[in-house]
Number of protein chains: 2
Amino acid sequence: MSSIKQVADRAGVAVGTVSRVINNHPAVKPETRDKVLAAIEELQYIPNEVARNFKMQKSNIVALLLPTIWHPFFSELAYYIEDELDRNGYKLILCNSDRKPEKELYYFETLNQNKAAGIIGITYNDIQNRITANIPMVTIDRHVKEEISCVTSDNYAGGRTALAELVGAGANHPAYLGFISQSYAHSEVDLRKQGFTDAAKERGMPIRIYEIPSDEDLMETSFAKLFASEEFRGTDGLFANGDLLAARYVKHAREHRIRVPEDVKVIGYDGIQNNDCFHPVLSTIRQPVEEMARTSVQLLIRRIEGEELKQETYRLPVHFRKGETT
Amino acid sequence: MSSIKQVADRAGVAVGTVSRVINNHPAVKPETRDKVLAAIEELQYIPNEVARNFKMQKSNIVALLLPTIWHPFFSELAYYIEDELDRNGYKLILCNSDRKPEKELYYFETLNQNKAAGIIGITYNDIQNRITANIPMVTIDRHVKEEISCVTSDNYAGGRTALAELVGAGANHPAYLGFISQSYAHSEVDLRKQGFTDAAKERGMPIRIYEIPSDEDLMETSFAKLFASEEFRGTDGLFANGDLLAARYVKHAREHRIRVPEDVKVIGYDGIQNNDCFHPVLSTIRQPVEEMARTSVQLLIRRIEGEELKQETYRLPVHFRKGETT
């Protein structure tokens, strides 16, 4: 097997230059880089990263902890996070927690053992006290500890926009529909309701708040109960705090012969639909998923490199995207 | 920091037993396991996997190489692959290749450096000769090298079923719609067309084959050309080789005032829809995604553990799922 010295000799550069090329260091001229890569190719040199990790006690692996990758919002987010990590020489370990606290903790512990460089996490559980401080972390949509940065969309502004758009589309009796929030983690998502409520108050407009369980079976029972209530059926503008919930509402509404958008305008949140082949194409508050992903990675890398970050929460702007439901 | 010896003393077992517990070895009694885990917890012992990897020159990381995680079929697949790996003590590194050969090769090379335990790959490129033989690999839907096992759905049977279902639903002029196949990798997906064609021949039924580019812009142009042809408009049963293509066809057909399913029955492939909130709910050939994922992982683990695998291609049964388009 070839050595790094042989590669340096073949390329006519110093050993340190070869090392910089291998580590994707920016301060290498393109033509030097090409020479080194050609020498690596010729000599079939394989730098042993495991050995290097051992020596340096660090890895180039970042873990992404998600409730589930099998969800259009999280898979789009993971797509851009992987892309941004890759551009910066990091690799992504994917962890589906399935919202189970024990699986999240198990992952934190094994990541600790593997000396992951950092973690980007979306957690639904109260794992605050179990997170050891020695792995840099960035969360998305959740506040875990004060010293951990949080990247999120501007949920409050999103809620305000939803109210304004529903009213603009003619709704006089708007309502908010969300999942009963878990007491565990302080979630940014609650601000969607807050923004919606505040905007209505400013207009002196009464609104209704409906919250149902996210469990599949309980959700169906809740919808049945909601549609049995005259008050709920009187809603003419609905803001659901996620697109899948909005779509679920539309389905049930139509089964009750309530027309969308004629009888009730509906706005979701997320913007998961990326084509117009499936209907309803929801009117929605679109999260800046790509920007959230790249910002999370950039913040994490700054933490990994030892920078103290001042600002705690990074709220990125959202926009309203009109579909077929308003 | 505590040592493995201290953990063994605290738990009242041998050092080897602690090691077996850490490595999830099956031959440890549950009560022994609990004692060891309690001692690990008490002493806050952190086994250094980086050091162990260095010593053993192997890792517990498996890489999943996908075109993109931002696709409902691949994200479902990745969900189950991560779950099965996790159950077996492995972690998943996610690689989006974006179908770019250079990114796939880059990943193969860096995985080699990191001494990944194995790779599960869906590749669209001719990287056959660049894959070094020393990482165990399983592919999905693609034949790369003879010695690499391939897990796939029974595409041929799926094609046959699609023809039978279209005819059963009343179609007399069935057609196949697919993407122009890349010459690179010998893809199992081509068997969907073969099964469809063979089943039609056996019935003495003429069919038409349409193949269009998968590039977004070219696809739109191709649809416009197709719908300009009287022959294409005469189709009364269409089998698309993927659900998203089927949905795209339905959208264009409706724009041309062709009713689905009244004028033309449509069947897709994959079964990506996991709810009935978005329409059309496609009639489709459902792939056994969970079983494909778990089988891939099980095969890979057998390879990692040194077993020679005899059978090359594992074709798992599909079934027809009726939706709103037949």
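The sections below set out a description of the structure shown in this document.

Analysis parameters
- Residues numbered from 1 in each chain as written.
- Chains lettered and ligands numbered in written order.
- Predicted model: local features only at pLDDT ≥ 70, side-chain atom pairs only at ≥ 80, totals over all residues.
- Heavy atoms only, no water.
- Helix = DSSP H or I, 4+ residues; strand = E, 2+ residues; numbered from the N terminus.
- Buried < 20%, exposed > 50% of the residue type's maximum accessible area, 1.4 Å probe, protein only.
- Contact = heavy atoms within 4.5 Å.
- Areas by Shrake-Rupley, 256 points an atom, 1.4 Å probe, with all protein chains shown as cover.
- Core = buried A, V, L, I, M, F, W, Y, C linked by side-chain atoms within 4.5 Å.
- Pairing = 2+ DSSP bridges.
- Axes fitted to C-alpha atoms, helices over the stretch in contact; angles between N-to-C directions.
- Parallel < 35°, antiparallel > 145°, perpendicular 65-115°, else oblique.
- Nonpolar A, V, L, I, M, F, W, Y, C, P; charged D, E, K, R; others polar.
- Right-handed = clockwise from strand over helix to strand, strands pointing away.
- Salt bridge = Lys/Arg side-chain N within 4 Å of Asp/Glu carboxyl O.

### Considering the overall build of chain A
Next, step 1: A tally of helices and strands in chain A yields 12 helices and 14 strands.
Next, step 2: Relative to its 326 residues, chain A shows a buried fraction of 57%.
Next, step 3: Within chain A, counting contacts between residues at least 6 apart in sequence, those at least 24 apart form 71% of the total.
Next, step 4: Roughly 14,500 Å² of accessible area belongs to chain A as shown, and the carbon and sulfur atoms make up 48% of that amount.

### A few points about the nonpolar core
Next, step 1: In this structure, I81 of chain A together with I81 of chain B are the most contacted members of the largest nonpolar core, which totals 64 residues.
Next, step 2: For I81 of chain A, the residues in contact, after removing those within four places along its chain, are L64, L92, I120, I140, A293 and V297 of chain A.
Next, step 3: Core analysis: the next-biggest nonpolar cluster, separate from the first, contains 48 residues, A240 of chain A together with Y210, I212 and V266 of chain B among them.

### A few points about the sheet that holds strand β9 (residues 208–212) of chain B
Residues and elements named next belong to chain B.
Next, step 1: With mixed pairing, the six strands of this open sheet are ordered in space as β9-β7-β10-β11-β12-β14. Of all the strands in the sheet, the pair left with one neighbour each is β9 and β14 (319–321). The average angle at which neighbouring strand axes cross in this sheet is 20°, direction not considered.
Next, step 2: Here strand β12 (residues 283–286) runs beside β14; their pairing, made up of three bridges, is antiparallel. Within β14, the residue paired with T284 across the bridge is R321.
Next, step 3: Each of β7 (174–179), β10 (237–240), β11 (265–270), β12 and β14 touches helix α7 (residues 155–168); the most contacted strand, β11, lies at about 165° to it.

### What about the environment of I4 of chain B?
Next, step 1: Position of I4 of chain B relative to the elements: it lies in helix α1 (residues 4–11).
Next, step 2: Aside from chain neighbours lying at most four places away, what touches I4 of chain B is V15, V18, S19, I22 and Y45 of chain B.

### Considerations on the packing of α1 of chain B against helix α2 (residues 15–22) of chain B
Residues and elements named next belong to chain B.
Next, step 1: Between α1 and α2, the least distance of the axes is 8 Å, while the angle of their chain directions is 100°. By the angle between their directions, the pair α1 and α2 is classed as roughly perpendicular. On the side of α1, the interface is formed by I4, K5, V7 and A8, while α2 contributes V15, V18, S19 and I22.
Next, step 2: Here the residues of the contact of α1 with α2 sort into six nonpolar, one polar and one charged.

### Topic: the pairing of β11 of chain B
Residues and elements named next belong to chain B.
Next, step 1: Of all six residues making up β11, six are buried, and the element is well covered by its neighbours.
Next, step 2: Neither face of β11 is exposed, since K265, I267 and Y269 on one face and V266, G268 and D270 on the opposite face are all buried.
Next, step 3: The sheet contact formed by β10 and β11 spans three bridges and is parallel. Considered in β11, the bridge of F239 is made with I267.
Next, step 4: Each parallel crossover has a hand, and for β10 linked through helix α11 (residues 243–255) to β11 it is right-handed.
Next, step 5: Sheet topology note: the β11/β12 ladder contains four bridges and is parallel.

### Observations regarding the sheet that holds strand β12 (residues 283–286) of chain A
All names here are of chain A.
Next, step 1: In space, the six strands of this open sheet follow the order β9-β7-β10-β11-β12-β14, with mixed pairing throughout. Pairing within the sheet leaves two strands with one partner each, and these edge strands are β9 (208–212) and β14 (319–321). Here the average twist between neighbouring strands, direction ignored, is 20°.
Next, step 2: This element, helix α8 (residues 190–202), spans β7 (174–179), β9, β10 (237–240) and β11 (265–270) of the sheet and lies at about 170° to β7.

### Considerations on the pattern of salt bridges
Next, step 1: Per the counting criterion, the structure on display carries 32 salt bridges over all chains.
Next, step 2: E216 of chain A serves as the salt-bridge partner of R248 of chain A, at 3.1 Å between the closest nitrogen and oxygen. Of this pair, R248 of chain A sits in helix α11 (residues 243–255) while E216 of chain A sits in helix α9 (residues 216–228), and the two are 32 residues apart along the sequence.
Next, step 3: The exposure class of R248 of chain A is buried, given its relative accessible area of 13%.
Next, step 4: Between E84 of chain B and R294 of chain B there is a salt bridge, and its shortest N-O distance comes to 2.7 Å. Residue E84 of chain B is found in helix α5 (residues 72–87), and its partner R294 of chain B is found in helix α12 (residues 289–304); the two are separated by 210 residues along the sequence.
Next, step 5: Via salt bridges that share partners, D83, E84, R87, E290 and R294 of chain A belong to a single interconnected network.

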